[in-house]
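Observations on the three-dimensional arrangement
What follows is each chain in one-letter form.
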Amino acid sequence: MKPNLLLLSHGQMAQETLNSAEMIAGKIDHVTVVSMAADDGLSGTLDKVKAAVDTDKPTIALADLLGGTPCNSVVNVASETPNLKVMTGLNLGMVIDYALSTETDIDKLMVELRDTGVQGVQIVSEASLDLDDLDE
């Protein structure tokens, strides 16, 4: 079985990233979202993370920003939860890749998601695009 995915962000970025991924890939199962509100602070975000984590199932936590409160909160929970692994750099490509992947090994899936995120960062010029293939 594929590991769960926990998306974490400042504001609604995680939820909207999931919404966009589902627009492209269809309904994505086994995904939970934690959205940090401006007044949550560390303790409020930590409470949300604790409520969202299923300690019995392998889970990849994908946070928006290294060193940010959502990331720091989930790292705190992961230190006491062996099944919870943390990544940063949340982006749409990574969530779509999770949805379409058949990988069930958590470590291999994390490498796959990381590679997707890294490969998605490009400097794009008109010369590098095939303008005849643009999707409307």
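For the structure, check the block above.
First, a word on scope: everything that follows refers to the structure included in this document.

1. As for the pattern of salt bridges
Within the structure shown, the criterion is met by four salt bridges. The partner of Lys 48 in a salt bridge is Asp 40, and the shortest N-O contact between them spans 2.6 Å. The exposure class of Lys 48 is partly exposed, given its relative accessible area of 31%. Asp 107 is the partner of Lys 85 in a salt bridge, and the nearest nitrogen-oxygen pair spans 2.7 Å. Taken together, the residues span a long stretch of sequence, with Lys 85 in strand E4 (residues 84-88) and Asp 107 in helix H5 (residues 106-119) at a distance of 22 residues.

2. Notes on helix H3 (residues 69-78)
If you check which residues of H3 are buried, you get Pro 70, Cys 71, Ser 73, Val 74, Val 77 and Ala 78. Within H3, the buried residues cover an arc of 165 degrees as seen down the axis, which keeps them to one side. The inward-facing, buried residues of H3 contact strand E1 (4-10), strand E2 (31-36), helix H2 (41-52), strand E3 (59-63) and E4.

3. Some details on the nonpolar core
Across soluble globular proteins, nonpolar side chains have a tendency to be buried as a group. Counting 19 residues, the largest nonpolar core has Leu 7 and Ile 60 as its most contacted members. Once residues lying within four places of it in the same chain are set aside, the contact partners of Ile 60 are Asn 4, Leu 5, Leu 6, Lys 85, Met 87, Ile 106, Leu 109, Met 110 and Leu 113. Counting 13 residues, the second-largest nonpolar core is a separate cluster that includes Cys 71, Val 77, Ala 78 and Leu 84.

4. Topic: the environment of Asp 64
Mapped onto the elements of the fold, Asp 64 is located in the loop between E3 and H3. Residues Asp 64 and Val 77, 13 residues apart in the sequence, show an inter-C-alpha distance of 16 Å. Beyond its immediate sequence surroundings of up to four residues, Asp 64 is in contact with Leu 8, Ser 9, His 10, Met 13, Pro 70, Gly 89 and Leu 90. Of note is the side chain of Asp 64, whose polar atom sits 2.9 Å from the side chain of His 10.

5. Regarding the sheet that holds E1
The four strands lie next to each other as E2-E1-E3-E4, forming an open sheet whose pairing is parallel. One side of each edge strand has no neighbouring strand; the edge strands of this open sheet are E2 and E4. With direction set aside, neighbouring strand axes in the sheet form an average angle of 20 degrees. Relative to E3, E1 runs parallel, the two sharing five bridges.

6. Some details on the packing of helix H1 (residues 13-25) against helix H4 (residues 92-100)
Put simply, H1 and H4 touch, their axes get as near as 9 Å, and they point 50 degrees apart. One element, H1, and the other, H4, form an angle in the oblique class. H4 is crossed by H1, and the crossing has right-handed handedness. Facing Thr 17, Leu 18, Ser 20, Ala 21, Ile 24 and Ala 25 of H1, the residues of H4 in contact are Leu 92, Val 95, Ile 96, Ala 99 and Leu 100. Its residues placed into classes, the contact of H1 with H4 shows nine nonpolar, two polar and no charged.

7. Things to note about the pairing of E2
Pairing analysis gives six bridges linking E1 to E2, with the strands arranged parallel. The residue of E2 that forms the bridge with His 10 is Met 36. Running through H1, the crossover from E1 to the neighbouring parallel element E2 is right-handed.

Calculation notes
- Residues numbered from 1 in each chain as written.
- Predicted model: local features only at pLDDT ≥ 70, side-chain atom pairs only at ≥ 80, totals over all residues.
- Heavy atoms only, no water.
- Salt bridge = Lys/Arg side-chain N within 4 Å of Asp/Glu carboxyl O.
- Buried < 20%, exposed > 50% of the residue type's maximum accessible area, 1.4 Å probe, protein only.
- Helix = DSSP H or I, 4+ residues; strand = E, 2+ residues; numbered from the N terminus.
- Arc of directions from axis to C-beta.
- Contact = heavy atoms within 4.5 Å.
- Core = buried A, V, L, I, M, F, W, Y, C linked by side-chain atoms within 4.5 Å.
- Polar contact = N/O pair within 3.5 Å; in protein donor to acceptor, adjacent residues only side chain to side chain.
- Pairing = 2+ DSSP bridges.
- Axes fitted to C-alpha atoms, helices over the stretch in contact; angles between N-to-C directions.
- Parallel < 35°, antiparallel > 145°, perpendicular 65-115°, else oblique.
- Left-handed = near helix turned anticlockwise from the far one by under 90°.
- Nonpolar A, V, L, I, M, F, W, Y, C, P; charged D, E, K, R; others polar.
- Right-handed = clockwise from strand over helix to strand, strands pointing away.

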